[in-house]
Amino acid sequence: MEKLSEIKEAFNREKGSVSDLNDLRQFRARYIGKRGAITELLKSLSALPKEERPRAGKQINELKKFIEAELKALEADLKSRQARKELQKDLLDITLPGKFVPPGSYHPVSQVLQEIIDIFVTMGFSVEEGPEVELDYYNFEALNIPKDHPARDMQDTFYVKTETRDDLIVSDVVLRTHTSPVQIRGMEKRTPPLRFIAPGKVYRCDSDVSHTPMFHQVEGLMVGEDVTFADLKGVLEVFVHHLFGPDTPVRFRPSYFPFTEPSAEVDIGCILCGGEGCRVCKGTGWLEVLGSGMVHPKVFEAVGYDTERYRGFAFGMGVERLAMLKYGIDDIRLFFENDLRFLRQF
Ligand code: DAH
């Protein structure tokens, strides 16, 4: 009896210092393992006088049951403590305030570009793309811009250095100066009738309030057996009325481009002064918005189209310029400074 209460006391005392499942295994072995205190007690029963054995056996078994129950509870407690510890390692405190990520929005140039694309897609034009690093042939030659044409001036064109001969850089690779080369690439790929637009980045060695070394253009081309200048006027009038409003005056003014004949520039009534004359329209009441014309036979020849059978019109516009006019912005460089106070207004 004395032994029993000694064991129980020791068990209760030691219980508190069992801190993990490893400790527990040893603790358990000390009491109910093969050499455990309880097991040894049970073995010693045979040394007792016969009549005392049942009572002693019963008491030992009661203590054993008590210990087993305690060990079980202890194990459950240790396991849940360990699980909690594991969770804490990558604990997410859901009561902490979140980090505010302000929503972004489309750049004004992207917005206007998307609007332009939508208007032409509605009129049945598909969207074509071409490379920004372009061959001289596509950027100039095939568009009837011969070697001595002022548009090829070294000051405007970024040449990609491919070969050095003495001091002279001879290169047939350029950063495209306009999206017109996509006309050629698009026509090489298919046969008329066709109509597509070609939006994208273009590059010119030029920089001031109205010029940046990179800007965006949208080219357009429609070719068929009976495409006329009236179609050109109709399509571009619809375009202008969608982008600037249905009451915007439109006029076609004779002009010159090497790849069109006849050529025309399209003006709209100044949207800032309503045609009265102001600083932006330089007192004329009109704003030039794009270049256009009937495809030059030389261009059709370059892609092997029958110049007797087909005609077409083409046009090209600067996206930043249209965005500036649409929103009354007076310095093109604002688009590329990424000042949030500017960008947030769109
Ligand atoms: N490529 C011309 C430029 O960058 C714009 C242009 C004018 C495109 C007339 C055309 C066109 O397709 O017909 O200034």
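Only a predicted model underlies this, so the values are computations on that prediction, with no experimental measurement involved.

Could you give an account of the overall build of the protein chain, naming the residues involved and the relevant values?
When helices and strands are tallied, the protein chain shows 12 helices and 12 strands. C-alpha atoms of the protein chain, sized along the principal axes, occupy 130 × 50 × 45 Å. Among the 346 residues that make up the protein chain, the fraction classed as buried is 38%. A separation threshold of at least 6 residues defines the contact pool for the protein chain, and within that pool the share at least 24 residues apart is 64%. Only carbon and sulfur atoms are counted for the fraction: they give 53% of the accessible area of the protein chain, which is about 20600 Å². Both charge centroids of the protein chain, one from 47 positive and one from 54 negative side chains, sit 16 Å from each other.

Lay out a nonpolar patch on the surface in plain terms, naming residues and giving numbers.
Together, Ile 271, Leu 272 and Val 280 give the surface a local cluster of nonpolar side chains, amounting to about 210 Å² of exposed area. By the element assignment, Val 280 lies in the loop between β10 (260–269) and β11 (286–295). Accessibility expressed as a relative area gives 33% for Val 280, which makes it partly exposed.

I'd love a proper account of the sheet that holds strand β6 (residues 173–175), names of residues and values included.
Read from one edge of the open sheet, three strands run β2-β6-β3, paired in antiparallel fashion. Whereas interior strands pair on both sides, the edge strands pair on one side only; in this sheet they are β2 (133–135) and β3 (159–160). Pairing analysis gives two bridges linking β3 to β6, with the strands arranged antiparallel. The residue of β6 that forms the bridge with Val 160 is Val 173.

Residues and numbers for the packing of helix α2 (residues 21–32) against helix α3 (residues 37–44), please.
Packed helix pairs are characterised by how far apart their axes lie and by the angle those axes make with each other. Running from N to C, α2 and α3 cross one another at 10°; their axes reach a closest spacing of 3 Å. Considering their axes alone, α2 and α3 lie roughly parallel with respect to each other. Within the contact between the two elements, α2 uses Arg 30, Tyr 31 and Ile 32 and α3 uses Ala 37, Ile 38 and Thr 39. Partitioned by chemical class, the residues of the contact of α2 with α3 number four nonpolar, one polar and one charged.

How would you sum up the site of the ligand? Please name residues and give values.
Neighbouring residues of the ligand: 15 residues in total, closest His 178, Ser 180, Arg 204, Gln 217 and Glu 219. With respect to the ligand, the side chain of Arg 204 contributes an N or O atom lying 2.8 Å from an oxygen atom. Within the contact set of the ligand, an oxygen atom lies 3.2 Å away from a backbone nitrogen or oxygen of Ala 314. Surface burial for the ligand is 88%, taken as the share of its 360 Å² of free accessible area covered by protein chains. Among the secondary structure elements, those contributing two or more residues to the shell around the ligand are β8 (214–224), β11 and β12 (311–318). In the shell around the ligand, the residues fall into four nonpolar, nine polar and two charged.

Tell me what's going on with the environment of Leu 63, and back it up with residues and numbers.
Relative to the assigned elements, Leu 63 resides in helix α4 (residues 53–89). Here the alpha-carbon distance between Leu 63 and Asn 144, two residues 81 residues apart in the chain, equals 107 Å. The residues contacting Leu 63, other than those within four sequence positions of it, are Leu 4, Ile 7, Lys 8 and Ile 38.

For the environment of Ile 119, give the residues involved together with the corresponding values.
In this structure, Ile 119 sits in helix α5 (residues 108–122). Judged by its relative accessible area of 9%, Ile 119 is buried. Between the alpha carbons of Ile 119 and Thr 179 there is a distance of 18 Å; along the sequence they are 60 residues apart. Setting aside residues up to four positions removed in sequence, Ile 119 forms contacts with Phe 239, His 242 and Leu 243.

Report on the side chain of Arg 176, specifying residues and quantitative values.
For Arg 176, the location among the structural elements is in the loop between β6 and α7 (181–189). In this structure Arg 176 is buried but unpaired, with Glu 132 as the nearest side chain of opposite charge at 4.7 Å. Side-chain polar atoms of Arg 176 contact the backbone oxygen of Pro 131, separated by 3.5 Å.

Describe the domain arrangement of the protein chain, and please don't skip the residues or the numbers.
If you check the domain split of the protein chain, you get domain 1 (2–90) and domain 2 (110–343). A C-alpha centroid distance of 90 Å is found between domain 1 and domain 2.

So what's going on with unusual backbone geometry? Residues and values would help.
In this structure, Pro 193 follows Pro 192 across a cis peptide bond, with omega equal to 0°. Structurally, the position occupied by Pro 193 is in the loop between α7 and β7 (194–203). Across the junction of Glu 261 and Pro 262, the peptide omega takes the value -5°, indicating a cis bond. For Pro 262, the position within the fold is in strand β10. A positive phi angle, near 55°, is found at Asn 338, a position not held by glycine. Looking at the element boundaries, Asn 338 is found in the loop between α11 (334–337) and α12 (340–343).

Account for the packing of aromatic side chains, with residues named and values stated.
The final tally for this structure, using the stated rule, is 18 aromatic pairs. Residues Phe 335 and Phe 336 carry aromatic rings whose centres are separated by 6.5 Å and whose planes lie at 75° to one another, so their mutual orientation is edge-to-face. We classify Phe 336 as partly exposed; its relative accessible area is 32%. Ring pairs connect the aromatic residues Phe 120, Phe 125, Phe 239, Phe 313 and Phe 315, which therefore count as one cluster. Seen from the ring of Phe 66, Lys 8 lies directly overhead, with NZ or CZ sitting 4.5 Å from the centre. When the ring centre of Tyr 138 is taken as origin, the NZ or CZ atom of Arg 185, which lies over that ring, is 4.0 Å away.

Calculation notes
Residues numbered from 1 in each chain as written. Predicted model: local features only at pLDDT ≥ 70, side-chain atom pairs only at ≥ 80, totals over all residues. Heavy atoms only, no water. Helix = DSSP H or I, 4+ residues; strand = E, 2+ residues; numbered from the N terminus. Buried < 20%, exposed > 50% of the residue type's maximum accessible area, 1.4 Å probe, protein only. Contact = heavy atoms within 4.5 Å. Areas by Shrake-Rupley, 256 points an atom, 1.4 Å probe, with all protein chains shown as cover. Lys, Arg positive; Asp, Glu negative; His and termini not counted. Charge placed at Lys NZ, Arg CZ, Asp CG, Glu CD. Patch = residues over 30% accessible without salt bridge, like charges linked within 9 Å, V, L, I, M, F, W, Y side chains within 5 Å. Salt bridge = Lys/Arg side-chain N within 4 Å of Asp/Glu carboxyl O. Pairing = 2+ DSSP bridges. Axes fitted to C-alpha atoms, helices over the stretch in contact; angles between N-to-C directions. Parallel < 35°, antiparallel > 145°, perpendicular 65-115°, else oblique. Nonpolar A, V, L, I, M, F, W, Y, C, P; charged D, E, K, R; others polar. Near = heavy atom within 4 Å. Polar contact = N/O pair within 3.5 Å; in protein donor to acceptor, adjacent residues only side chain to side chain. Domains from an automatic or database assignment. Phe/Tyr/Trp six-rings, centres within 6.5 Å; stacked < 30°, edge-to-face > 60°. Lys NZ or Arg CZ within 6 Å of the ring centre and 35° of its normal.

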